[in-house]
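Inside the fold
Now for the letters of each chain:
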Protein chains: 2
Amino acid sequence: MSLPDGFYVRRVEEKDFEQVTETLKVLTTVGAIAPESFSKLLKHWNEATVWDEDNSKRIMQYNPIVIMDKRTETIAATGNIFIERKIIHELGLCGHIEDIAVNSNYQGQGLGKLLIDQLVAIGFGYGCYKIILDCDEKNVNFYKKCGFSNAGVEMQIRK
Amino acid sequence: MSLPDGFYVRRVEEKDFEQVTETLKVLTTVGAIAPESFSKLLKHWNEATVWDEDNSKRIMQYNPIVIMDKRTETIAATGNIFIERKIIHELGLCGHIEDIAVNSNYQGQGLGKLLIDQLVAIGFGYGCYKIILDCDEKNVNFYKKCGFSNAGVEMQIRK
């Protein structure tokens, strides 16, 4: 599905620092981050690649994107898919969708689904045999509309 | 918890090719993998590091380990934790435990829990604010015994 008029998608850039951290606050604690630390993080994200035996394409480890409102240059939504090279499935690639957040001023416009579609397209474009994500029970139906199905239980441990 | 006598833990090495692929077959499809491709994968896994602003430690992206039976040099269990650098939680680290397999000849000896303990220790050693994994409903109680709790639903999409 394509984006509605007035929006475009791109990779996260340094200038997104304030808006992207603000957008992620709908999701969880972001905390105090210095702009220069954010720049270093993006440098890491832009340099980290995943080995590909065919060497036919550059597979980025992290793929942080934003959906931008063209008119105001506002971040409407952001998300990331990071790519894991495994042994199983003939040294297969698994995509992990992480940290999905839609700006509260842009909710209810279908942008969440478009964001997921874009991240899924990135993962399958690299050749992932599967793409997974973890969500709250209340978001299961949303992800089913995005083509996902239940696969298991997320367990966590914190320090 | 420490390992019982007769076992030790180490990072996966090239010589593990046949045993590690065999052990993973209890989990899922492994497929046809050439030994030289496995070596290239390990090279990638051994080189990929995660940016750390403090620069105080070398954080490995992938941390594949085996529990070895000393007497026979048999792989009793294998698993991996890979490390994701995020924006949230002050550029926090999240650990993802993946591809846990216990050799069928070594099941029922508590090695699964010891494997998870080792992977959790690696993740918290790097400073992860949380460690997550996805499992089947039937394994939830096992992971609760390892200190994990329910966090959400795993969703997947396959090509």
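This is a predicted model, so every value here is computed, not measured.

Side note on helix α4 (residues 111-126) of chain B
Residues and elements named next belong to chain B. The terminal C-alpha atoms of α4, which comprises 16 residues, lie 23 Å apart, in line with the 22 Å expected from a rise of 1.5 Å per residue. Looking at α4, one finds that the buried residues are Leu111, Gly112, Leu114, Leu115, Ile116, Asp117, Leu119, Val120, Gly123, Phe124 and Tyr126. Looking one or two places after α4, you find glycine 127, whose phi comes out positive at around 100 degrees.

Focus: the pattern of salt bridges
Between side chains of opposite charge, a pair can form when the charged atoms approach closely. Under the counting rule described, the total for this entry stands at 24 salt bridges over all chains. For aspartate 16 of chain A, the salt bridge goes to arginine 10 of chain A, with nearest N and O atoms at 2.8 Å. With its nearest N and O atoms 2.8 Å apart, the salt bridge here joins lysine 86 of chain A to glutamate 98 of chain B. Linking lysine 86 of chain A in the loop between β5 (74-85) and α3 (88-91) with glutamate 98 of chain B in strand β6 (residues 93-102), this pair reaches from one chain into another.

Overview of the UniProt feature "domain: N-acetyltransferase" (unreviewed entry) in chain A
Taking the UniProt record as the reference, the feature "domain: N-acetyltransferase" (unreviewed entry) is found at residues 7-159 of chain A. Taken end to end, residues 7-159 of chain A is 31% helix and 36% strand, and its first and last C-alpha atoms sit 40 Å apart.

Considering helix α1 (residues 17-24) of chain A
All buried positions along α1 of chain A are accounted for by Phe17, Val20, Thr21, Thr23 and Leu24 of chain A. One side of α1 of chain A holds all its buried residues, which, seen down the axis, span an arc of 160 degrees. Taken together, the buried residues of α1 of chain A touch α2 (35-47), β4 (62-69), β5 and β6 (93-102) of chain A together with α3 (88-91) of chain B.

Considering the interface of chain B and chain A
Across the boundary between the two partners, chain B contributes 64 residues, which contact 64 residues of chain A. When residues of chain B are sorted by the area they lose upon contact with chain A, Ile87, Met155 and Ile157 of chain B head the list and together hold 14% of the total. Across the chain B-chain A interface, the total number found is 6 salt bridges. In this structure, the connection of chain B to chain A is made through 34 residue pairs in polar contact (both at pLDDT 80 or more). When residues in the side of chain B that touches chain A are grouped by element, the largest group, 10 residues, is from strand β8 (residues 149-158) of chain B.

Considerations on the pairing of strand β4 (residues 62-69) of chain B
Consecutive residues of a regular strand have side chains that alternate between opposite faces of the sheet. Residues and elements named next belong to chain B. The element β4 is extensively covered by neighbouring structure, given that 8 of its 8 residues are classed as buried. Covered by surrounding structure in β4 are Tyr62, Pro64, Val66 and Met68 together with Asn63, Ile65, Ile67 and Asp69, the residues of both alternating faces. Two strands pair when backbone bridges link them, and strand β1 (residues 7-11) and β4 are joined in this way by 5 bridges, in the antiparallel orientation. Across the sheet, tyrosine 8 pairs through a bridge with methionine 68, a residue of β4. Bridge count for β4 against strand β5 (residues 74-85) is 8 bridges, and the pairing is antiparallel.

Rules behind the numbers
- Every chain is numbered independently, its residues counted from 1 as its sequence is written.
- As they are written, the chains are lettered A onward and the ligands numbered 1 onward, keeping that order.
- Since the coordinates come from a predicted model, pLDDT governs what is reported: local features require at least 70, and pairs of side-chain atoms require 80 or more to be given and counted, while whole-chain, interface and lining totals use all residues.
- Hydrogens are left out, water is left out, and the side-chain values use all remaining heavy atoms of the structure.
- Starting at the N terminus, helices and strands are each numbered in turn, a helix being any DSSP run of H or I of at least four residues and a strand any DSSP run of E of at least two.
- Expected span, for any helix, means 1.5 Å times one less than how many residues it has.
- When a residue's accessible area, from a 1.4 Å probe over protein chains only, is under 20% of the maximum for its type it is buried; when over 50% it is exposed; and in between it is partly exposed.
- Each salt bridge in this description consists of a side-chain nitrogen of Lys or Arg and a carboxyl oxygen of Asp or Glu lying within 4 Å of one another.
- UniProt positions are given in the numbering used here, feature names are shortened, and annotations may be inferred rather than shown by experiment.
- Of all possible arcs, the one meant is that of the directions from the helix axis to the C-beta atoms.
- Contacts are assigned to residue pairs with any non-hydrogen atoms lying within 4.5 Å of each other.
- Summed over both partners, the accessible area (1.4 Å probe) lost when two parts come together is defined as the buried area.
- Any pair of nitrogen or oxygen atoms within 3.5 Å is treated as a polar contact; in protein, a donor-acceptor pairing is required on top of that, and neighbouring residues in sequence qualify only through side-chain atoms on both sides.
- The criterion for strand pairing is that DSSP finds at least two bridges linking the strands in question.

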